[in-house]
Amino acid sequence: MGFFLETVFGGLMAGMLYSLVALGFVLIFKASGVFNFAQGAMVLFAALAMARFSEWLPGWLGVDNIFVVTAAAVVLAGAVMFLVAWLVERLVLRHLVNQEGATLLMATLGIAYFMDGLGQTIFGSDIYKIDVGMPKDPVIAFESVFQGGILLNKEDMIAALVAATLVLLLSLFFQKTGTGRALRAVADDHQAAQSIGIPLNRIWVIVWCVAGVVALVAGIIWGSKLGVQFSLATVAMRALPVVILGGLTSVPGAIIGGLIIGVGEKVSEVFLGPYVGGGIEIWFAYVLALLFLLVRPQGLFGEKIIDRV
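Residues numbered from 1 in each chain as written. Predicted model: local features only at pLDDT ≥ 70, side-chain atom pairs only at ≥ 80, totals over all residues. Heavy atoms only, no water.

(A) The overall build of the chain, seen in detail. When its secondary structure is counted, the chain shows 13 helices and 2 strands. The C-alpha radius of gyration computed for the chain amounts to 20 Å, which stays within 12% of the reference 19 Å derived for 309 residues, consistent with globular compactness. Overall, the C-alpha framework of the chain stretches about 65 × 60 × 35 Å when taken along its three principal axes. Within the chain, buried positions represent 50% of all 309 residues. Carbon together with sulfur atoms contributes 67% to the accessible area of the chain, which is approximately 14,500 Å² in total. Separation between the mean location of the 17 positive side-chain charges and that of the 19 negative ones in the chain comes to 9 Å. (Helix = DSSP H or I, 4+ residues; strand = E, 2+ residues; numbered from the N terminus. Rg over C-alpha atoms; globule rule 2.2 N^0.38 Å. Buried < 20%, exposed > 50% of the residue type's maximum accessible area, 1.4 Å probe, protein only. Areas by Shrake-Rupley, 256 points an atom, 1.4 Å probe, with all protein chains shown as cover. Lys, Arg positive; Asp, Glu negative; His and termini not counted. Charge placed at Lys NZ, Arg CZ, Asp CG, Glu CD.)

Structure follows, in structure tokens:
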């Protein structure tokens, strides 16, 4: 029982990280009605900025304190992501107002490839590390309940707590603020939103800024765990099945979808993998997402989007 719960907890931790990346997809879709294929590139770009600023700032500031350097690097990387959001709206989205969803989709693909190349040009293409001081040692919990206890990773627990806090704040933002309601109105109908005085361009800047912050947090966490390399964009795209499962329009769906997929792939790999040769963790999420596309294409909590895309 203890080993099973250990596997489930590991899946929940991974699921929260998937949910964090999936939030970026949901945020952009809620504001523009289009799937943002640039989210993986944004995670990579933010992680590269964070890693490189962490290397450069001690020389720039003459300070070696890890907390000061990390805080300054986070601020600078956040400013870079805000600048990226402003440029995306100014140079791309502003010229595509009221265009078809397919046009906006192709625009996000172009943004993704551009950010991949720009990140390599500015920050380099080596493998970098991010060290924000999170403990990496495992801890054994519930020893009095289960024989041998349950082995938990401190870094995963902190990362999951950060992800859960950010998810909660974003949920409150969408449900309780005027800007959040305006975002939902823009997603439903661009022209109708403009007709009642909602500034579409400003809304898009806001949502891309928020998505940039989400990408930065995800990039820091994933970069700390895996190292910052260009395969990180591919790792981020593993959140694609999460938004399909939870629903492209649902912030809670991104959470539930991430947890389901995280637990499902871990449990399947550990308990079924030995009987089928392993590798279930690689394809489990995509097969589950495909089944939902066939049965319930809007996902668990999403709205029907066939007419929108």
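From this point, the discussion proceeds with the structure in view.
(B) Representation of the nonpolar core within the structure. Grouped together as the largest cluster of nonpolar side chains are 96 residues, with contacts concentrated most on Leu20 and Trp208. Residue contributions to this core peak at 17 residues, all from helix H8 (residues 200-226). Those residues in contact with Leu20, other than ones at most four positions away along the chain, are Ala163, Leu166, Val214, Val217, Ala218 and Ile221. (Core = buried A, V, L, I, M, F, W, Y, C linked by side-chain atoms within 4.5 Å. Contact = heavy atoms within 4.5 Å.)

(C) Representation of the layout of surface pockets. The space that makes up the largest pocket amounts to roughly 460 Å³. Forming the boundary of the largest pocket are 24 residues, of which Gly10, Met13, Ala14, Asp156 and Lys266 lie nearest the centre. When contributions to the lining of the largest pocket are tallied by element, the ones reaching two or more residues are helix H1 (2-32), strand E2 (150-153), helix H5 (154-176), H8 and helix H11 (251-271). When residues of the lining of the largest pocket are assigned to their parent elements, the largest contribution, 8 residues, is made by H1. By residue class, the composition of the lining of the largest pocket is 13 nonpolar, 3 polar and 8 charged. (1 Å grid on protein atoms, 1.4 Å probe; cavity = no way out; pocket = protein on both sides within 12 Å on 5 of 7 lines; lining within 4 Å. Points joined across faces, edges and corners; volume = space filled by probe spheres on them. Nonpolar A, V, L, I, M, F, W, Y, C, P; charged D, E, K, R; others polar.)

(D) Geometry of the environment of Ala233. In this structure, Ala233 sits in helix H9 (residues 232-236). Given the relative accessible area of 12%, Ala233 is considered buried. Every residue in contact with Ala233, bar those within four places of it in the chain, is listed here: Gly40, Ala41 and Leu44.

(E) Representation of the side chain of Thr108 in the model. Locating Thr108 in the fold gives a position in helix H4 (residues 101-123). From its side chain, Thr108 meets the backbone oxygen of Leu105 in a polar contact 2.7 Å long. Residues within four places of Thr108 in sequence aside, it is in contact with Phe35, Asn36, Phe37 and Ala38. (Polar contact = N/O pair within 3.5 Å; in protein donor to acceptor, adjacent residues only side chain to side chain.)

(F) Representation of the packing of helix H2 (residues 39-61) against helix H3 (residues 66-91) in the model. At a minimum axis distance of 8 Å, the contact between H2 and H3 shows a crossing angle of 135°. Between H2 and H3, the angle falls in the class oblique. The hand of the H2/H3 crossing is right-handed. Contacts between H2 and H3 involve Met42, Phe45, Ala46, Ala49, Met50, Phe53, Ser54, Leu57, Pro58 and Leu61 from the first element and Val69, Thr70, Ala72, Ala73, Val74, Leu76, Ala77, Val80, Met81 and Val84 from the second. (Axes fitted to C-alpha atoms, helices over the stretch in contact; angles between N-to-C directions. Parallel < 35°, antiparallel > 145°, perpendicular 65-115°, else oblique. Left-handed = near helix turned anticlockwise from the far one by under 90°.)

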